[in-house]
Amino acid sequence: MRKTIDAAALREPQVMAILNVTPDSFWADSRMSEPEAVERRVREAVAEGASIIDVGGYSSRPGAAAVSVEEEWRRVACGVEAVRRVAPDVTVSVDTFRASVALRVVERFGPVIVNDITAGEGDPEMLAAVARCGVPYVAMHMRGTPETMQTLTDYDPDVTTAVVEYFRLRTEAMRAAGIAADRIVLDPGFGFAKTVAQNYELLRGLHRLCALGYPVLAGLSRKSMIYKVLETTP
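What comes next is a walk through the structure. Quick caveat, the model's predicted, so the values are computed rather than measured.

### Section: the pattern of salt bridges
Here comes step 1: Tallied over the entire structure, the rule returns eleven salt bridges.
Here comes step 2: Residue glutamate 39 is joined to arginine 43 by a salt bridge in which the shortest nitrogen-to-oxygen separation is 3.6 Å. Of this pair, glutamate 39 and arginine 43 both sit in helix α1 (residues 35–47), separated by four residues, roughly a single helical turn.
Here comes step 3: The shortest N-O distance in the salt bridge between aspartate 158 and arginine 208 comes to 4.0 Å. Note that aspartate 158 is positioned in the loop between β5 (137–140) and α5 (159–176) and arginine 208 in helix α7 (residues 206–210), a separation of 50 residues in sequence.
Here comes step 4: When its relative accessible area of 36% is taken as the criterion, arginine 208 is described as partly exposed.
Here comes step 5: Because the salt bridges share partners, they merge into one network encompassing Glu39, Arg43 and Arg85.

### Observations concerning the packing of aromatic side chains
The geometry of an aromatic ring pair comes down to the distance between the two centres and the angle between the two planes.
Here comes step 1: Under the criterion given, the structure shown has two aromatic pairs.
Here comes step 2: Ring centres of tyrosine 166 and phenylalanine 167 lie 5.3 Å apart, and the angle between their planes is 70°; on these two criteria the pair is classed as edge-to-face.
Here comes step 3: A relative accessible area of 0% places phenylalanine 167 in the buried class.

### Describing helix α3 (residues 99–109)
Here comes step 1: Buried within α3 we find Ala99, Val101, Ala102, Leu103, Val105, Val106 and Phe109.
Here comes step 2: Among the structural elements, α2 (69–86), β3 (91–95), β4 (113–116) and α4 (126–133) are those in contact with the buried residues of α3.
Here comes step 3: Glycine 110 sits one or two positions beyond α3 and adopts a positive phi of about 90°.

### Some remarks on the side chain of threonine 118
Here comes step 1: Summarising the element assignment, threonine 118 is placed in the loop between β4 and α4.
Here comes step 2: A polar contact of 2.8 Å, which involves the side chain of threonine 118, links it to the backbone nitrogen of glycine 122.
Here comes step 3: What threonine 118 contacts, discounting residues up to four positions off in sequence, is Phe97, Met140, Met142 and Tyr166.

### Here's the deal with the pairing of β5
Consecutive residues of a regular strand have side chains that alternate between opposite faces of the sheet.
Here comes step 1: The two faces of β5 match: Tyr137 and Ala139 on one face and Val138 and Met140 on the other face are all buried.
Here comes step 2: Where β4 and β5 come together, three bridges link them in parallel fashion. Bridged to aspartate 116 within β5 is alanine 139.
Here comes step 3: For the crossover that starts at β4, traverses α4 and ends in the parallel β5, the hand is right-handed.
Here comes step 4: Taken together, β5, α5 and strand β6 (residues 184–187) form a β-α-β motif whose crossover is right-handed.

### Quick look at the nonpolar core
Here comes step 1: In terms of nonpolar packing, the biggest core is built from 59 residues, with Leu19, Ile53, Val55, Val105 and Tyr137 touching the most fellow members.
Here comes step 2: Look past the residues within four positions of valine 55 in its chain and what remains in contact with it is Leu19, Val21, Val76, Gly79, Val80, Val83, Val92, Ser93, Val94 and Asp95.
Here comes step 3: Within the second largest apolar cluster, seven residues are counted, among which are Ile5, Leu10, Ile113 and Val185.

Conventions and cut-offs
Residues numbered from 1 in each chain as written. Predicted model: local features only at pLDDT ≥ 70, side-chain atom pairs only at ≥ 80, totals over all residues. Heavy atoms only, no water. Salt bridge = Lys/Arg side-chain N within 4 Å of Asp/Glu carboxyl O. Helix = DSSP H or I, 4+ residues; strand = E, 2+ residues; numbered from the N terminus. Buried < 20%, exposed > 50% of the residue type's maximum accessible area, 1.4 Å probe, protein only. Phe/Tyr/Trp six-rings, centres within 6.5 Å; stacked < 30°, edge-to-face > 60°. Contact = heavy atoms within 4.5 Å. Polar contact = N/O pair within 3.5 Å; in protein donor to acceptor, adjacent residues only side chain to side chain. Pairing = 2+ DSSP bridges. Right-handed = clockwise from strand over helix to strand, strands pointing away. Core = buried A, V, L, I, M, F, W, Y, C linked by side-chain atoms within 4.5 Å.

In structure tokens form, the structure reads like this:
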């Protein structure tokens, strides 16, 4: 069993690379399914300076197909196994909203970061599972589902205030479930139920989210807020 991830490291700047072990993630070149391609991507990420590799087996892009628990587990296990084999000293994050997948990963591979795009609202067992495992937990802000989120962009009075208040309440729920405060990381969810303009408003007000006292994960790579403004591609 690997040692527990040092919570203090979450207070230092980190670079997270994404390993999509999926056939349908929104950026085609990020899709990995063959073991050789997965290992190659892990080596590239490490060489480029990533300190965390985030493994995802269930695409959250709009219109993505549903994935069974067993299929998600199969994909995630393939990715985590590759990271452990190729880069055993790199921290692994697992992108899942399912408590059962998170538990199986920890049982088989040891401590990881659990990265949940639903902040515990997608599975009522998730917060308790994370607390039981004692691992770091990334909670992301999103409205609705990947299929409906872009119709849910009305915020009162503004997107930054809404996100900060959302996390003020969700972190209370996380701590009440037994997740230690120094293991909580907040992700404002750029691109999830936000317009391009709202993404920049949220980025400009990111200090207000940081003021809650938790580390913040900002996922901006290849987001539409960049490539649409620059009139280019992901």
